[in-house]
Amino acid sequence: MSIALYRIDDRLIHGQVVVGWGKPLNARFIVLVDDTVRASPWEQDLYRMGVPPEIEVVFASTAEAAARLAEWERDPRVGILLAGDIDTLAALSTNSHRVQRINVGGLHHRPGRSERLRYVYLSDAEAAQLKALAAQGVAVTAQDVPTAAPVPLQEFT
Amino acid sequence: MSEPLRGVIVTHAAVAQALLAAVTAITGVSDALVPVSNDGCDSGALTERLTRAIGGRPAVLFVDLPGGSCLTTSVRLAKGANDVAVVTGVNLAMLLDFVFHRDLAPADAARRAADAGSKAIRTPAA
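Fair warning: this is a prediction, and the values are worked out from it, not measured in the lab.

Parameters and conventions
Counting of residues starts from 1 at the beginning of each chain's written sequence and follows it residue by residue. Ligands are numbered from 1 and chains lettered from A, in the order in which they are written. In view of the model being predicted, local features appear only for residues whose pLDDT reaches at least 70, and side-chain atom pairs are presented and counted only at 80 or more, with totals across whole chains, interfaces and linings using the full set of residues. Working from all heavy atoms in the structure, the side-chain values ignore hydrogens and water. Strands here mean DSSP runs of E at least two residues long; helices mean DSSP runs of H or I at least four residues long; both are numbered from the N terminus. The length a helix should cover is 1.5 Å for every residue beyond the first. Each residue gets one of three labels from its accessible area relative to the maximum for its type: buried under 20%, exposed over 50%, partly exposed in between, using a 1.4 Å probe on protein chains only. The directions considered for the arc are those from the helix axis to the C-beta atoms. Whether two residues are in contact is decided by their heavy atoms: any pair within 4.5 Å suffices. In protein, a polar contact requires one atom able to donate a hydrogen and another able to accept it; more generally it is a pair of N or O atoms within 3.5 Å, and residues adjacent in sequence count only if both atoms are side-chain atoms. Two strands qualify as a pair provided DSSP detects at least 2 bridges between them. Angles here are taken between N-to-C directions and fall from 0 to 180 degrees, while the axes themselves are lines fitted to C-alpha atoms, restricted in helices to the stretch in contact. Two parts placed together each lose some accessible area under a 1.4 Å probe, and adding up what both lose gives the buried area. Basic side-chain nitrogens of Lys or Arg form a salt bridge, by our definition, when they fall within 4 Å of a carboxyl oxygen of Asp or Glu. Each residue gets one of three labels, nonpolar for Ala, Val, Leu, Ile, Met, Phe, Trp, Tyr, Cys and Pro, charged for Asp, Glu, Lys and Arg, and polar for the others, Gly among them. To form a nonpolar core, buried Ala, Val, Leu, Ile, Met, Phe, Trp, Tyr and Cys residues must be joined to one another through side-chain atoms within 4.5 Å. Roughly parallel refers to an angle under 35 degrees, roughly antiparallel to one over 145, roughly perpendicular to one between 65 and 115, and oblique to any angle outside these ranges. By definition, turning the near helix anticlockwise from the far helix through less than a right angle yields a left-handed crossing, and turning it clockwise yields a right-handed one.

**What to know about helix α2 (residues 43-54) of chain B**
All names here are of chain B.
And then number 1: Along its 12 residues, α2 runs 16 Å from first to last C-alpha, staying within 8% of the 16 Å computed at 1.5 Å per residue.
And then number 2: When α2 is considered as a whole, its buried residues turn out to be Leu46, Leu50, Ala53 and Ile54. An end-on view of α2 places all buried positions within 95° of arc, on one side of the element. Along α2, exposed side chains directed more than 90 degrees from the buried face belong to Glu48 and Arg52.
And then number 3: Residues of α2 that are buried sit in contact with β1 (6-11), β2 (33-37), β3 (59-63), α3 (69-79) and β4 (84-88).
And then number 4: Where α2 begins, the side chain of Asp42 points an oxygen toward the backbone nitrogen of Gly44, at a separation of 3.1 Å.

**Thoughts on the sheet that holds β1 of chain B**
Residue and element names in this part refer to chain B.
And then number 1: Within the open sheet, the 4 strands sit side by side as β2-β1-β3-β4. Their pairing is parallel. Where the open sheet ends on each side, the last strands, each with one partner, are β2 and β4. Strand-to-strand twist across the sheet, computed as the mean angle between neighbouring axes with direction ignored, equals 20°.
And then number 2: Bridging between β1 and β2 involves 5 bridges; their strand directions are parallel. When the bridges of β2 are listed, Thr11 appears paired with Ser37.
And then number 3: Sheet strands touched by helix α1 (residues 15-27): β1 and β2. Its angle to β2, the strand with the most contacts, is close to 160°.

**Quick notes on the interface of chain B and chain A**
And then number 1: In this complex, chain B contributes 15 residues to the contact, which on the side of chain A involves 13 residues.
And then number 2: The largest share of the area that chain B buries against chain A comes from Asp42, Thr72 and Arg76 of chain B, three residues that together contribute 36% of it.
And then number 3: Across the chain B-chain A interface, the total number found is 2 salt bridges.
And then number 4: Applying the counting rule to chain B against chain A returns 5 residue pairs in polar contact (both at pLDDT 80 or more).
And then number 5: A total of 6 residues in the side of chain B that touches chain A trace back to one element, the largest contributor, which is α3 of chain B.
And then number 6: Looking at side-chain class alone, the side of chain B that touches chain A contains 5 nonpolar, 6 polar and 4 charged residues.

**Points about the sheet that holds strand β3 (residues 56-60) of chain A**
Residues and elements named next belong to chain A.
And then number 1: Here we have 7 strands laid out as an open sheet, ordered β3-β2-β4-β1-β5-β8-β9, and mixed in their pairing. Each having just a single partner strand, β3 and β9 (151-152) make up the two edges of the open sheet.
And then number 2: Relative to strand β4 (residues 79-83), strand β2 (residues 29-33) runs parallel, the two being bridged by 5 bridges. What sits directly across from Val31, in β4, is Leu81.
And then number 3: The sheet contacts of helix α1 (residues 15-25) involve β1 (3-9), β2, β4 and β5 (101-106), and relative to β1 the element is tilted by about 160°.

**Considering the pattern of salt bridges**
Residues and elements named next belong to chain A.
And then number 1: Applying the stated rule across the entire model yields 16 salt bridges over all chains.
And then number 2: Note that Arg48 and Asp45 form a salt bridge whose closest N and O atoms lie 3.5 Å from each other. Separated by 3 residues within a single helix, Arg48 and Asp45 lie in helix α3 (residues 41-49), roughly one turn from each other.
And then number 3: Accessibility expressed as a relative area gives 45% for Asp45, which makes it partly exposed.

**Regarding the nonpolar core**
And then number 1: One finds Trp72, Leu81, Ile102, Val104, Leu130, Val140 and Phe156 of chain A to be the most contacted residues of the largest nonpolar core, which totals 34 residues.
And then number 2: Not counting residues within four places of it along the chain, the set of residues in contact with Val104 of chain A comprises Ile8, Tyr119, Val120, Leu130, Val140, Thr141, Ala142, Gln143 and Phe156 of chain A.
And then number 3: Ala16, Leu33, Val60 and Val87 of chain B belong to the second-largest nonpolar core, a separate cluster that totals 21 residues.

**Overview of the packing of helix α5 (residues 86-96) of chain A against helix α6 (residues 124-135) of chain A**
All names here are of chain A.
And then number 1: Here α5 crosses α6 at 25°, and the two axes come no closer than 11 Å. Considering the angle they form, α5 stands roughly parallel to α6. The way α5 lies across α6 gives a crossing that is left-handed. Taken together, the residues of α6 that come into contact with α5 (itself represented by Ile86, Asp87, Ala90 and Ser93) are Glu126, Gln129, Leu130 and Leu133.

Remember that the coordinates give geometry; whether it matters functionally is a separate question.
Structure, rendered in C-alpha cells:
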C-alpha cells in the first residue's frame, strides 16, 4: 500500500492527521493538494512545523497531483493524501481515475452548510458531489480518527 | 501609558478555557486573557473567533501546538497585523508571567513568554 488514506479535511495538516492517522498507519509521507498553499512558501513552512522530520511533506497543486499520483502510489512508503475541499479530490479522481476511496475527515461550518455529523457540515451541492463520486465507484465514508467507526455516505448525505 | 496587551489562548477542545480558569485562580487577574477553541471551526470561522477575541488591540496569541490549524490560522492573522505576535506551546507558566508583563511590545512579550514557558519545563528528581 502506498497512499493509505485519501482525506478531505479543511484543516489540512493538523493533529488528527499527523498523530491520529499518521501513527497507526506508520505514514512516511503526506501529500497536501492545495493550489493556494502550493504557491505560498511561508504557508508551506507553517504546515511543515506540525510534522515530525521522519515524515516527508509534499505540496502539490491539483494538476501536479493528478500527474504524480501514479508515482506516489508506487512509493514503498505509506502515504496520506490530503485536500481541503471536495472539489479538489473530485478533480483528482476525475483526472486520474485512481482514487478508489475517500475519507471525509473534517468539513466545518460555514454559511450554506448544515450539520451532517459533528465534524462534517455540507451544503446540498456538496452532498450531491459526494454522491456523484460514489456513483462513479469511489467508496466514500466519514471518519475523523481511526478509532471511530467509519460512517457510510448515505448516513451523512 | 499605552493600552495593556491582550493575550488570546488558542487551543484544541477546552484547553484554553481550563488555562484561563487556572490563571484566574492563581493570580486573580481575569481580564488579560481570552480563550478561543478551534472546535467546529474551519480556518475562516477560527479567524473570525480570533479577530473578535483580539478586538483590535495589540495582542499575543498563545497557541497550543507548533503546527496545525490553531497555528496556521494565528500566523495568517498575525501576518496581516502590525501589533499581534504568536507563541506556540502554551503552558500555565508562560501565561502567569504574561499577565504581569503586559506593558511590552507584542513581539517582546511573546519572546518573554516563550522564555518563561521553556524554563518551566524540567525533569526534577523523584
